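An overview of the molecular structure
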Amino acid sequence: MILIGRSKWVPPRRWKLWSLPRPALSYVLGVDAVAVTITALALASTISGARTGVRPSEWAAFAVLAAASVLHLESARGIERRREMAANSSPYTNLKSLWVFAGLLLLPLSLVIALIVVSYGYSWIRVYGRTIAHRKVFSASTFILASAAAAAVLRGGGLIAEPRVPTGPFSLLVVLGAATTWWLVNFALVIGAILLSSPDATARGALGDLSDQLVVVAGLGLGVAVGALQASYPWVVPILMVTVLTLHRDLLLPQFQRAAGTDVKTGLATPAYWANAVPVELARAETLRSTVGLLMLDLDKFKEINDTYGHPAGDQALKAVGQSVRAEVRQGDLVARVGGDELAVLLPGASETEVLEVAERIRDRLSTLTVSVDTTADETALISGVPASIGTAVYPDVANTMDQLVLAADNALLSAKRDGRNRIVAARPNPPAVTDHADQPVD
């Protein structure tokens, strides 16, 4: 069967949702409650509105869009898993908006909500895994609120009866206004959740790469095309479906490339991606007569976490460490997982002083980091402090090649370990060899 779950069922009482800060928890539950209310009102309107029930043509359009959404998710599920892991602390963009907005043009709001439930229900079971059900519930809720707002814009613009596809300049403006409203509402709700869930998150970091939002814009545009074709030439929709599946990877190419170099457990760069990035940065620094800083981090108590709570708990702690490290570096810096519990940070253009400042911020943050983990005994444990030893090196001050730079930072890391752990050691340039000229013949 195609709907075999990817992970075991996690009871709602054990969802990570309950470990959110109180403001974030209230916000998420509030959004979910509003979505439930909208769903109830939409269902009541469909049953007891101006017309009773749903027309056969609308059921047929719903079936087509639901099947297309499921097929789309299934065909792209591998890359979608990796992309969501890489998103971490920024909005996760996808093309579900395509089918939902097409539904807004063709269906009553109650069936649009049903389409959202089908899409996110399938995502939960098949694509992302059952352990993050609360995140899918919240994402579905933001879709419902965005769809209700967009439906209000369509009605306000005079597009009341389905299908509500643009047939002239004015109706096109109304549809574009509805699409813009849908995007803004969904985006704002997600940004709010990110900022409230991570007190240390900045607005700039929460916004993520705005170019990623072009994926959503493209999805909304394709949704208009699918809706128009379904309303007038339904047998063309399967052809457009093939086009959508083909374009999916092209629309997500930048994200696909990032995901291909992303460690699935932490969302950080992989060793291979990092190894390719270092020589590129060194070559650029040589051309610009600039510097490149390198941090090598090794967690001091990671084995203890694994031995005490189990490897899944260790993975959760490592992911929290990765997020904390990324929060303390600049936008263009690269954080990678280069070993089991060893991380590397590349800081292009950073001086030794700047490198040490970043290292100290990371060391201080990790030494006070509190992580909630799931133990092998099906309980939740609180880990207080995940200290790290850090070695630093700067190109070209202490090294001229990638191998020399990594070796210098590694040696400094070993010194930090030997000197008592939870500390920073900076690599120093080797002193120049001293040549004794006393016995040299004089011409």
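Numbers given for residues are sequential positions, taken from 1 along each chain in its written order. Reporting in this predicted model follows two pLDDT cut-offs: at least 70 for local features of residues, and 80 or more for side-chain atom pairs to be given and counted; totals over whole chains, interfaces and linings ignore these cut-offs and use all residues. Values shown for side chains rest on all heavy atoms present in the structure; no hydrogens or waters enter the calculation.

Considerations on the confidence of the model for the protein chain
Here pLDDT means the predictor's own confidence in every residue, given as a number from 0 to 100. With 77% of its residues at a pLDDT of at least 70, the protein chain reaches an overall mean of 78. Within the protein chain, no element has a lower average pLDDT than helix α11 (residues 253–260), which sits at 52, and none a higher one than strand β6 (residues 388–395), at 93. Residues are treated as being in contact if the distance between any of their heavy atoms lies within 4.5 Å. Low pLDDT, under 50, characterises residues 85–90; the predicted model gives this stretch 20 contacts beyond four residues in sequence or across chains. Overall, residues 432–443 carries pLDDT values under 50, and its contacts beyond four positions in sequence, including any with other chains, amount to 0 contacts. Strands here are runs of E lasting at least two residues and helices are runs of H or I lasting at least four, both read from the DSSP assignment and numbered beginning at the N terminus.

Here's the deal with the packing of aromatic side chains
Here is the rule: rings of Phe, Tyr and Trp (six-membered ring for Trp) pair when centre to centre is within 6.5 Å. Planes less than 30 degrees apart are stacked, more than 60 are edge-to-face, and the remainder are tilted. For the structure on display, the rule yields 5 aromatic pairs. Between Y27 and F138, the aromatic rings sit 6.3 Å apart at their centres with planes inclined by 50°, giving tilted as the arrangement. Of this pair, Y27 sits in helix α1 (residues 22–48) while F138 sits in helix α6 (residues 133–156), and the two are 111 residues apart along the sequence. Assessed through its relative accessible area of 9%, F138 is described here as buried. Taken together, a centroid distance of 4.8 Å and an interplanar angle of 80° make the contact between F143 and W182 edge-to-face. Here W182 lies in helix α7 (residues 169–197) and F143 lies in helix α6, a separation of 39 residues in the sequence. The two residues F143 and W182 agree in class, both being buried. An aromatic cluster is present here, built from Y120, F143 and W182 joined pairwise through their rings. We call a residue buried when its accessible area falls under 20% of the maximum for its residue type, exposed when it is over 50%, and partly exposed in between, using a 1.4 Å probe and counting protein chains only.

Details of the UniProt feature "transmembrane region" (unreviewed entry) in the protein chain
UniProt positions are given in the numbering used here, feature names are shortened, and annotations may be inferred rather than shown by experiment. Mapped onto the present numbering, the UniProt feature "transmembrane region" (unreviewed entry) falls at residues 24–47, 99–125, 137–158, 170–198 and 210–229. What you have in residues 99–125 is 93% helix and 0% strand, and the ends, taken at the C-alpha atoms, are 19 Å apart. Helix makes up 91% of residues 137–158 and strand 0%. Its end C-alpha atoms lie 32 Å apart.

A word on the sheet that holds strand β2 (residues 334–337)
Two strands in a sheet stick together by hydrogen bonds in their backbones, pointing the same way (parallel) or opposite ways (antiparallel). Strand order across the open sheet formed by 5 strands is β2-β3-β1-β6-β7, with mixed pairing between neighbours. The sheet terminates laterally at β2 and β7 (424–426), the two strands that pair on one side only. Pairwise comparison of adjacent strand axes, ignoring direction, gives a mean angle of 20° for this sheet. Comment: axis = line fitted to C-alpha atoms, over the contacting stretch for helices; angle = value between 0 and 180 degrees taken between N-to-C directions. Most of the contacts of helix α16 (residues 402–418) go to β6, to which it runs at about 150°, and overall it touches β1 (292–299), β3 (342–348), β6 and β7. DSSP-based pairing: two strands are paired if at least 2 bridges between them are found.

Remarks on the packing of α6 against α7
The geometry of α6 relative to α7 is characterised by a closest axis approach of 8 Å and an angle of 150° between their N-to-C directions. Relative to α7, the element α6 lies roughly antiparallel. Read as a crossing pair, α6 and α7 show a hand that is right-handed. Together, F138, T142, F143, L145, A146, S147, A149, A150, V153 and L154 of α6 and V174, V175, G177, A178, T181, W182, V185, N186, L189, V190 and A193 of α7 make up the contact between the two elements. Three residue categories are used. Nonpolar comprises Ala, Val, Leu, Ile, Met, Phe, Trp, Tyr, Cys and Pro, charged comprises Asp, Glu, Lys and Arg, and polar comprises the others, including Gly. When grouped by side-chain class, the residues that make up the contact of α6 with α7 number 16 nonpolar, 5 polar and no charged. The labels follow the angle: roughly parallel below 35 degrees, roughly antiparallel above 145, roughly perpendicular from 65 to 115, and oblique for the rest. Each crossing gets its hand from how the near helix is turned against the far one by less than a right angle, where anticlockwise is left-handed and clockwise is right-handed.

Observations concerning helix α15 (residues 352–367)
Between its first and last C-alpha, α15 extends 22 Å over 16 residues, near the 22 Å set by a 1.5 Å rise per residue. Contacts from the buried residues of α15 go to β1, α14 (311–327), β3, β6 and β7. The span one expects for a helix is its residue count, reduced by one, times 1.5 Å.

Considering a nonpolar patch on the surface
Think of a patch as exposed residues, more than 30% relative accessible area, with no salt bridge, where like charges cluster within 9 Å and nonpolar side chains (Val, Leu, Ile, Met, Phe, Trp, Tyr) cluster within 5 Å. Computed with the Shrake-Rupley method and a 1.4 Å probe, the accessible areas treat only the protein chains shown as cover for residues. Should a side-chain nitrogen of Lys or Arg be within 4 Å of a carboxyl oxygen of Asp or Glu, the pair is scored as a salt bridge. A contiguous nonpolar patch, built from L172, L173 and L176 and spanning about 280 Å² of accessible area, is present on the exposed surface. Note that L172 resides in helix α7. Taking the relative accessible area as the measure of exposure, L172 reaches 38% and is therefore partly exposed.

Considerations on the environment of L347
Of note, L347 is situated in strand β3. Each C-alpha atom, one on L347 and one on D333, is 5.0 Å from the other, the two residues being 14 residues apart in sequence. For L347, the contacting residues outside a window of four places in its chain are T291, V292, G293, L294, L295, R330, D333 and V358.

Section: the pairing of β6
A regular strand places its side chains on the two faces of the sheet in alternate fashion. A large share of β6 lies buried, amounting to 8 of its 8 residues. Neither face of β6 is open: one carries A388, I390, T392 and V394, the other S389, G391, A393 and Y395, and all of them are buried. Pairing of β6 with β7 involves 3 bridges; the strand directions are parallel. From the neighbouring strand, I390 faces β7, where its bridge partner is I424. Whether a crossover is right-handed depends on one test, that the path from the first strand over the helix to the second runs clockwise when the strands point away from the viewer. With α16 bridging β6 and its parallel neighbour β7, the resulting β-α-β unit is left-handed.

Some details on the pattern of salt bridges
Taken as a whole and judged by the stated rule, the model has 11 salt bridges. The salt bridge partner of R55 is E58, with a shortest N-O separation of 3.0 Å. R55 gets classed as partly exposed once you look at its relative accessible area, which sits at 33%. Of the charged contacts in the structure, one is a salt bridge between D307 and K303, with a shortest N-O distance of 2.8 Å. Of this pair, D307 and K303 both sit in helix α13 (residues 302–309), 4 residues apart, which is roughly one turn of that helix. With relative accessibility at 61%, the residue K303 sits in the exposed group. If you follow the salt bridges from partner to partner, you end up with D298, D300, K417 and R421 in one network.

Things to note about the nonpolar core
Here, nonpolar core means buried Ala, Val, Leu, Ile, Met, Phe, Trp, Tyr and Cys residues that are tied together by side-chain atoms lying within 4.5 Å of each other. The biggest cluster of nonpolar side chains holds 54 residues, and the ones touching the most others in it are L65, F101, L104, L107, L109, I116 and W182. Considering each element in turn, this core owes the most residues, 10 residues, to α6. By size, the runner-up hydrophobic cluster in this structure holds 32 residues, among which are L268, L299, V345 and L366.

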